[in-house]
Amino acid sequence: MSTDHAETTDTSTDGGGGAGHAQIGVTGLAVMGRNLARNLARHGFRVAVHNRTTAKAEALVDEFGDEGDFTLARSLEDLVHSLERPRRIIVMVKAGEGTDAVIDELVPLLDEGDVVADAGNAHWRDTARRHDALAEKGIRFAGVGVSGGEVGALEGPSIMPGCDGNTYAEIGPFLEVISAHVDDEPCCTLIGPDGAGHFVKMVHNGIEYSDMQLIAETYDLMRHVFGLEPSAVADTFREWNGTELESYLVEITAEVLSHTDADTGRPFVDVVRDAAEQKGTGRWTVQTALDLGVPVTGIAEATMARAVSGDTARRAAVREALGGEAAPGVGVTVTTDDLRQALYAAKVVSYAQGLDMVRDGSAEHGWDVELADLPRIWRDGCIIRARLLSDITEALEEHADAPSLLATPAFAAAVGERLPALRRVVTAAVAAGLPAPVFSSVLAYVDALRAERLPAALVQGLRDYFGAHTYERTDREGSFHTLWAEDRSEVDG
Ligand code: NBP
């Protein structure tokens, strides 16, 4: 470990004219890190900047040096030496091997009590591992979820830090200042220890998947059941952005749908290949949800829908074999207002599922996450920012013990009154032969939660028949097994 006192080295250039050590360092200056560093500098912090390829750090100081007080670090040693103590270093590199490479190089240069904050999109399990490994060396580690993309990083993202309280005391004040703000409240708060911040960021991204897929399914229905052109669908989304559906994603849906391709003059959406990518957070959410046994059906179907869209060879083969004509959709009427209501209800359900996942994950790992904090810090700065999140915050504050958002009075009523519309939308999609996997699955989820009895009783009977897995009875305590192959009498299980 280094015993040097932090000192700006000869190779460092003070871009903003300030003197003394930098208060915080950023390593990794691609789009996100660069904008985060500028955001910090614009707020008056003295920022040391470093990138593996030094040219990016030089370019940052050249282009934006007048925005604040930058110290250019040409190596990680420079970066470490340029910082006041305890050192605070934000790592914003490509998640995975890149993060491990930087940490491995950085750790021998650091002193006890220094703070490393990984603000990349790390898997929460990697964050927990890194936290433990660095704790053994006395170095404090934070896994910081950041949402808002390139613009958010510059202008104020939603930030989900996971770390110990004393680590947060070091970096929280910086993060809170540069985050988005709603009514003077920062869209940043300590989520919980070790992997909690990245876990919540992962679920946030999962919700983003289902939000986008629901919007896409709504568009598909308007296009193919109503026969509207993309520009007309855009008008409806623009109008909806003035209603309960007001959100960043609804707003940009209108922008994308009204865009015309310059080359062909056709609607932009018609010239884009219909195969959606997924970078991994949706998959991680579903994998983690399966481990926890928490049903996030909306997120799961949205992730699967992307996988189906990308499965182009199989799609072509089945279309060829089965035919691709749409069904006539006879006898089912659905209105624009049904779609608006269904979109809102389905969105609420998928948020409820994501929040359930955080509740269960927090309980499993002892993180003590305050659920109402999540919609509060997602109200601005992040991709899923929406008017709805203020109402969710309020409902969770008032009913902190509710086992589901759907069990709070406000959202039970909001979803309940829109269920007929959601049902009509799913029916119309099925009748027209249009895939609406997220609409369908969230409706099935609500119907399952509402049901007095589920056919799971039969499943239990079958499991007992072939595997003696036992079952419980409705009329008395205990575990039972029926001797299926003998006289079918019941014994204790
Ligand atoms: P990228 O994810 O494209 O990563 C590029 C950066 O990683 C460059 O600074 C590159 O240095 C550095 N890097 C790599 Br690649 N391997 C490295 C290694 N072995 N050692 C040191 N540095 C290494 O950048 P980004 O899009 O700005 O995203 C940064 C992080 O933020 C990622 O974890 C990403 O998932 C996350 N994130 C991104 C967004 C978004 O909207 N883009 C949103 C939220 C979070 P080089 O210049 O020398 O190649």
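Our structure's up above, just so we're on the same page.
Numbers given for residues are sequential positions, taken from 1 along each chain in its written order. At least 70 in pLDDT is required for a residue's local features to be given in this predicted model, at least 80 for side-chain atom pairs to be given and counted, and no such filter applies to totals for whole chains, interfaces and linings, which use all residues. The side-chain quantities take in all heavy atoms of the structure and omit both hydrogens and water.

Novice: Break down the sheet that holds strand β5 (residues 115–118) for me, citing the residues and quoting the values.
Specialist: At least two DSSP bridges between two strands are needed for those strands to be called paired. By definition, any uninterrupted DSSP run of H or I lasting at least four residues is a helix, any uninterrupted run of E lasting at least two residues is a strand, and each is numbered from the N terminus. Pairing within the open sheet is mixed, and its 7 strands lie in the order β3-β2-β1-β4-β5-β6-β7. Two strands in the sheet have a free side with no partner beyond their single neighbour: β3 (69–72) and β7 (158–162). Direction aside, the axes of adjacent strands within the sheet are offset by 25° on average. Residue contacts follow a heavy-atom distance rule, with two residues in contact if any of their heavy atoms lie within 4.5 Å. Geometry is summarised by axes, namely lines fitted to C-alpha atoms with helices restricted to the contacting stretch, and by angles between N-to-C directions that run from 0 to 180 degrees. On the sheet, helix α2 (residues 54–64) packs against β2 (46–50) and β3 and is oriented at approximately 150° with respect to β3.

Novice: If you had to explain the pairing of β7 to someone new, which residues and values would you point to?
Specialist: Strand residues, when the strand is regular, have side chains that alternate between the two faces of the sheet. For β7, the tally of buried residues reaches 5 of 5 residues, placing the bulk of the element in the interior. Neither face of β7 is exposed, since Ser158, Met160 and Gly162 on one face and Ile159 and Pro161 on the opposite face are all buried. Only protein chains enter the calculation, and the probe is 1.4 Å; a residue is then buried if its accessible area is under 20% of its type maximum, exposed if over 50%, and partly exposed in between.

Novice: Account for the side chain of His50, with residues named and values stated.
Specialist: Structurally, the position occupied by His50 is in strand β2. Given the relative accessible area of 7%, His50 is considered buried. The term polar contact refers here to a pair of N or O atoms within 3.5 Å; inside protein, the definition further demands a hydrogen-donor-capable atom paired with an acceptor-capable atom, and it admits residues adjacent in sequence only when both atoms are side-chain atoms. At 2.7 Å, the side chain of His50 forms a polar contact with the side chain of Thr27. Apart from the residues lying within four places of it in its own chain, the contact partners of His50 are Val26, Thr27, Gly28, Leu29, Ala57, Ala73, Arg74, Ser75, Leu76 and Leu79.

Novice: Give a description of the nonpolar core that names residues and reports values.
Specialist: The biggest cluster of nonpolar side chains holds 84 residues, and the ones touching the most others in it are Phe237, Leu374, Trp378, Ile392, Leu405, Phe411 and Phe439. Apart from residues no more than four positions distant in its own chain, Ile392 is found in contact with Tyr351, Leu355, Pro375, Leu405 and Phe411. Joining through side-chain atoms within 4.5 Å is the link that ties buried Ala, Val, Leu, Ile, Met, Phe, Trp, Tyr and Cys residues into a set, and such a set is a nonpolar core. Val26, Ala37, Leu40 and Val144 belong to the second-largest nonpolar core, a separate cluster that totals 33 residues.

Novice: Tell me about the packing of helix α8 (residues 196–224) against helix α13 (residues 297–310), and please be specific about residues and values.
Specialist: One way to put it is that α8 packs onto α13 with a least axis distance of 8 Å and a crossing angle of 70°. If you check the angle between α8 and α13, you find them roughly perpendicular. In terms of crossing hand, the pair formed by α8 and α13 is left-handed. Contacts from Gly206, Ile207, Tyr209, Ser210, Met212 and Gln213 of α8 reach α13 at Gly298, Ile299, Ala302, Thr303, Ala305 and Arg306. Among the residues making up the contact of α8 with α13, the classes are represented as 6 nonpolar, 5 polar and 1 charged. For this classification, under 35 degrees means roughly parallel, over 145 means roughly antiparallel, 65 to 115 means roughly perpendicular, and everything else is oblique. In a left-handed crossing the near helix is turned counterclockwise from the far helix by less than a right angle, and in a right-handed crossing that turn is clockwise. Three classes are used, and their members are as follows: Ala, Val, Leu, Ile, Met, Phe, Trp, Tyr, Cys and Pro are nonpolar, Asp, Glu, Lys and Arg are charged, and the others, Gly among them, are polar.

Novice: I'd love a proper account of a nonpolar patch on the surface, names of residues and values included.
Specialist: Exposure above 30% relative accessible area and the lack of any salt bridge qualify a residue for a patch; like charges then connect within 9 Å, and the nonpolar side chains Val, Leu, Ile, Met, Phe, Trp and Tyr within 5 Å. The protein chains shown are the only cover counted for residues, whose accessible areas, like all others here, come from Shrake-Rupley with a 1.4 Å probe. For this document, the term salt bridge refers to a Lys or Arg side-chain nitrogen within 4 Å of an Asp or Glu carboxyl oxygen. A cluster of nonpolar side chains, contributed by Val256, Phe268, Val271 and Val272, occupies part of the molecular surface with about 270 Å² of accessible area. Tracing the sequence through the fold places Phe268 in helix α11 (residues 268–271).

Novice: Explain the environment of Gly197 residue by residue, including any values.
Specialist: Along the chain, Gly197 turns up in helix α8. For Gly197, a relative accessible area of 0% puts it in the buried group. Between the alpha carbons of Gly197 and Gly145 there is a distance of 5.6 Å; along the sequence they are 52 residues apart.

Novice: Before we move on, can you summarise the pairing of strand β6 (residues 140–147) with the specific residues and values?
Specialist: Along β6, 8 of the 8 residues are buried, which leaves the element largely enclosed by surrounding structure. On β6, burial covers both faces: Arg140, Ala142, Val144 and Val146 on one face and Phe141, Gly143, Gly145 and Ser147 on the other are all buried. Sheet topology note: the β5/β6 ladder contains 4 bridges and is parallel. For Asp118, the partnering residue across the bridge sits in β6 and is Gly143. Handedness of the crossover joining β5 and β6 through helix α5 (residues 124–135): right-handed. Where β6 lies against β7, 5 bridges are found, and the strand directions are antiparallel. The residue bridging Gly145 from the neighbouring strand is Met160, located in β7. When the strands point away from the viewer and the connection leading from the first strand across the helix to the second strand turns clockwise, the crossover is called right-handed.

Novice: Which residues make up the pattern of salt bridges, and what are the values?
Specialist: For the structure shown, the criterion picks out 38 salt bridges. Across the pair Arg315 and Asp274 runs a salt bridge whose closest N-O atoms are separated by 2.6 Å. Here the residue Arg315 occupies a position in helix α14 (residues 312–322), and Asp274 occupies one in the loop between α11 and α12 (281–292), the gap between them amounting to 41 residues. Its relative accessible area of 24% is what places Arg315 among the partly exposed residues. Salt bridges linked by common partners bring Arg46, Glu84, Arg88, Arg140 and Glu170 together as one network.

Novice: Could you give an account of α8, with specific residues and numbers?
Specialist: Take the residue count of a helix, subtract one, and multiply by 1.5 Å to get its expected span. If you check α8, its first and last C-alpha atoms are 42 Å apart, about what 29 residues at 1.5 Å a residue would give, namely 42 Å. Burial of α8 is extensive: 26 of the 29 residues sit out of reach of the surface.

Novice: Break down the site of the ligand for me, citing the residues and quoting the values.
Specialist: Around the ligand sit 20 residues, and of these Met32, Asn51, Arg52, Thr53 and Lys56 come closest. Taking Val31, its main chain carries an N or O atom lying 3.4 Å from an oxygen atom of the ligand. The leading source of residues in the shell around the ligand is helix α4 (residues 97–106), at 3 residues. Residue composition of the shell around the ligand, grouped by class: 10 nonpolar, 7 polar and 3 charged. A cutoff of 4 Å decides nearness: a residue is near a molecule or strand if any of its heavy atoms lies inside that distance of it.

Novice: I'd love a proper account of helix α7 (residues 165–178), names of residues and values included.
Specialist: When the terminal C-alpha atoms of α7 are compared, their 19 Å separation across 14 residues agrees well with the 20 Å that a helix rising 1.5 Å per residue should span. Of all the bends in α7, the greatest reaches close to 50° and is centred on Ile171; the proline Pro173 follows between one and four positions later. The set of residues buried in α7 consists of Thr167, Tyr168, Glu170, Ile171, Gly172, Phe174, Leu175 and Ile178. Against the buried residues of α7 lie β1 (24–27), α1 (31–42), β4 (88–91), β5, β6 and β7. We define the bend at any residue as the angle between the axes fitted to the seven residues before and including it, ending there, and the seven starting there.

Novice: Lay out the packing of aromatic side chains in plain terms, naming residues and giving numbers.
Specialist: Stacked, edge-to-face and tilted labels apply to pairs of Phe, Tyr and Trp rings (six-membered ring for Trp) whose centres lie within 6.5 Å, assigned for plane angles under 30 degrees, over 60, and everything in between, in that order. Taken as a whole, this structure holds 7 aromatic pairs when the rule is applied. An angle of 45° between the planes, with centres 4.6 Å apart, marks the rings of Phe45 and Phe174 as tilted. Of this pair, Phe45 sits in the loop between α1 and β2 while Phe174 sits in helix α7, placing them 129 residues apart in sequence. In this pair, the class of Phe45 matches that of Phe174, namely buried. For the pair Tyr465 and Trp484, a centre-to-centre distance of 5.1 Å together with 45° between the ring planes defines the contact as tilted. Linking Tyr465 in helix α20 (residues 456–467) with Trp484 in the loop between β10 (480–482) and β11 (490–492), this pair joins segments that are 19 residues apart in sequence. On the basis of relative accessibility, which here comes to 26%, the residue Trp484 falls in the partly exposed class. Put simply, the rings of Trp124, Phe199 and Trp367 pair up and form one aromatic cluster. A ring is scored as having a charge over it whenever the NZ atom of a lysine or the CZ atom of an arginine sits within 6 Å of its centre and within 35 degrees of its normal. For the cation-ring pair, Arg306 lies above Tyr209, with the distance from its terminal atom to the ring centre recorded as 3.6 Å. Geometry around Tyr248 places Arg385 over its ring, the cationic atom sitting 4.0 Å from the centre.

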